[in-house]
Amino acid sequence: MTEAYLGNPNLYKANLQQSYTEDQVREIAKCMEDPIHFIKTYTRIVNIDEGLVPFNMYPFQDKMVKTFHENRFSICKLPRQSGKSTTIIAYLLHQVIFNDNINVAILANKSSTARDLLGRLQLAYENLPKWLQQGVLNWNKGSLELENGSKILAAATSSSAIRGGSFNIIFLDEFAFIPNNISEQFFSSVYPTISSGKSSKVMIVSTPHGMNMFYKMWTDAVNKKNTFKPIEVHWSEVPGRDDKWKEQTIKNTSEAQFQTEFECEFLGSIDTLINASKLKSMAIIDPKRSPDGLDVYEMPIKGHTYVTTVDVARGVNNDYSAFIVFDATQAPYKIVAKYRNNDIKPIVFPNILKRIADYYNKAYVLIEINDLGQQVADAMQFELEYDNMMMVTQRGRAGQVLGGGFSGRGNQLGLRMTKGTKKIGTSNLKSLIEGDKLIINDFDLIAELSTFISRGKSFEAEQGAHDDLVMCLVIFSWLANQRYFKELTNIDVRGQMFTEQQNAIESDMAPFGFIDDGLNDPEGNDGYFVDAGEIWQPVTYRKGE
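My aim in this report is to walk through the structure given alongside it, one point at a time. All of these numbers come straight from a predicted model, not from anything done at the bench. (Residues numbered from 1 in each chain as written. Predicted model: local features only at pLDDT ≥ 70, side-chain atom pairs only at ≥ 80, totals over all residues. Heavy atoms only, no water.)

## Side note on the side chain of Thr 86
At step 1: Mapping Thr 86 onto the fold places it in helix 4 (residues 84-98).
At step 2: Excluding residues within four positions of it along the chain, Thr 86 makes contact with Ile 45, Phe 55 and Arg 120. (Helix = DSSP H or I, 4+ residues; strand = E, 2+ residues; numbered from the N terminus. Contact = heavy atoms within 4.5 Å.)

Below, the structure is given as structure tokens:
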């Protein structure tokens, strides 16, 4: 054990002869069976105030390690700076030392973060007693390999990060901060590899960051819709954090930031179009069917009126081509189906759109025609000869107005999204959702709404997020306020909302009523009203007075 690995005195080379005392053998056996004992006794971590110190775990960290050890799939919702990553790193250290030939992946939202986590594990390894270490075969900033065949890789979370590899343990750090499209691609490409083993583990740890893939997996775990074991830690479980600390933290940050980072609320981004509390109250339901990008929540009902709004992308794995089918028979409106696909080409998209629109009682279709949408609209009208295409008329300063579907001067086949139409659509969308006139239960829609934020004088998806489905909602909300649509569906939602609000105001402002003390007849003997004990009498004038 005198030969160091690459001159590092804290490590030794592989394939060296070693000897152990009886006490060391017993201790190795104890550590192998009990990861908590190993971590508390031998793992050292860097404390921001005291430097390198033994890892004296808090009670909730004991619980985390026990859950990791006894379950294949774990998901943790924890506040910031609670030692969540350190706890998992210590557990991974135990696993690679006391198990032969296991592959571990440390994945984070950034490759630099993943490498930092591996660096902390390497520091803890270097400070283990030599008789607990394994000889080192490979040791660098992105990976390590021990003589027992165990390996660790650190990388950014992506669909290609560990493609083709076989991993026994995957640790996903700050998974809520991975963009939705990347997290979806990751699980679709990696999960088959994970599920093929009988003892492979997935450990997901994060602070919430809106209603995204992490939110979906967490709520499914809590509701027992998946096999992940949920672990939740309140900020008050971290020693040194009390009401005084909370008050000081809010003063230095904000109430909203504290709610997200320490209360672990899934509040989404700041300045979202839809109020955060409303987003939080939206219930997610599973579709009845999900074939090839189409989620079906309700089958068509005879006699119902359906409307489909469409947002078209280029089909190059960036933005999504999307449409939503609404039941517009009565308010509140319902979403009965939605389609989203970022691979489909505009030349194929019209065929899918027509098939679904036909299925829903030949639904009325309104397409955004800013880019390739015009191509899709033309294909629907002239090639596929779909009858219920909605047309829009240009009315000068009045802007675009929904027409009756007749060709003529100023008419166009679809809606051109301008600053004006988007402003009207987003304003109406906010009113519809927050006024409970549009019911949304779809996960992807809620996720997009949680990142649809204010940018200047408009709203759009925050960086790394998508708003294709939201734009379908914006188009429908613009449509729902058009006179022709009200005539078509016999529904005036804005009028209904105004009446409801007016009735509520009048109810709040209603007088308490008259108080009869029993002393006076409220109408007097002559039918005149009584006020403060005085009887009002008519005054007569004689001519000339």
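## Quick word on the sheet that holds strand 6 (residues 103-108)
At step 1: Strand order in the open sheet formed by 8 strands is 7-8-9-6-10-11-5-12, and the pairing between neighbours is mixed. Each end of this open sheet is capped by a strand with a single partner; those strands are strand 7 (136-139) and strand 12 (229-232). Put simply, the sheet's adjacent strands are angled 10 degrees from each other on average, direction ignored.
At step 2: Relative to strand 12, strand 5 (residues 73-77) is paired through 4 bridges, and the arrangement is parallel. Its bridge partner being in strand 12, Lys 77 is matched across the sheet by Glu 232. (Pairing = 2+ DSSP bridges. Axes fitted to C-alpha atoms, helices over the stretch in contact; angles between N-to-C directions.)

## Overview of the sheet that holds strand 18 (residues 392-394)
At step 1: The sheet built from 3 strands is open, its strands ordered 19-18-20 with antiparallel pairing. In the strand order of this sheet, the two ends are held by strand 19 (400-402) and strand 20 (411-412), each with one partner.
At step 2: In terms of strand pairing, strand 18 meets strand 20 through 2 bridges, oriented antiparallel. For Val 392, the partnering residue across the bridge sits in strand 20 and is Gln 412.

## A look at the pattern of salt bridges
At step 1: Scanning the model with the defined rule gives 25 salt bridges in all.
At step 2: Linking Asp 286 and Lys 225 is a salt bridge whose minimum nitrogen-to-oxygen distance equals 3.7 Å. Here Asp 286, found in the loop between helix 10 (276-281) and strand 13 (294-296), pairs with Lys 225, found in the loop between helix 7 (213-222) and strand 12; they are 61 residues apart in sequence, far enough to count as distant.
At step 3: Judged by its relative accessible area of 45%, Asp 286 falls in the partly exposed class.
At step 4: Among the residues examined, Lys 225 registers a relative accessible area of 45% and is labelled partly exposed.
At step 5: Notably, a salt bridge pairs Lys 246 with Glu 263, separated by 3.8 Å at the nearest N-O pair. With Lys 246 in helix 8 (residues 243-252) and Glu 263 in the loop between helix 9 (255-261) and helix 10, the pair connects residues that are 17 residues apart, well separated along the chain.
At step 6: On the basis of relative accessible area, Lys 246 is assigned to the partly exposed category, the value being 24%. (Salt bridge = Lys/Arg side-chain N within 4 Å of Asp/Glu carboxyl O. Buried < 20%, exposed > 50% of the residue type's maximum accessible area, 1.4 Å probe, protein only.)

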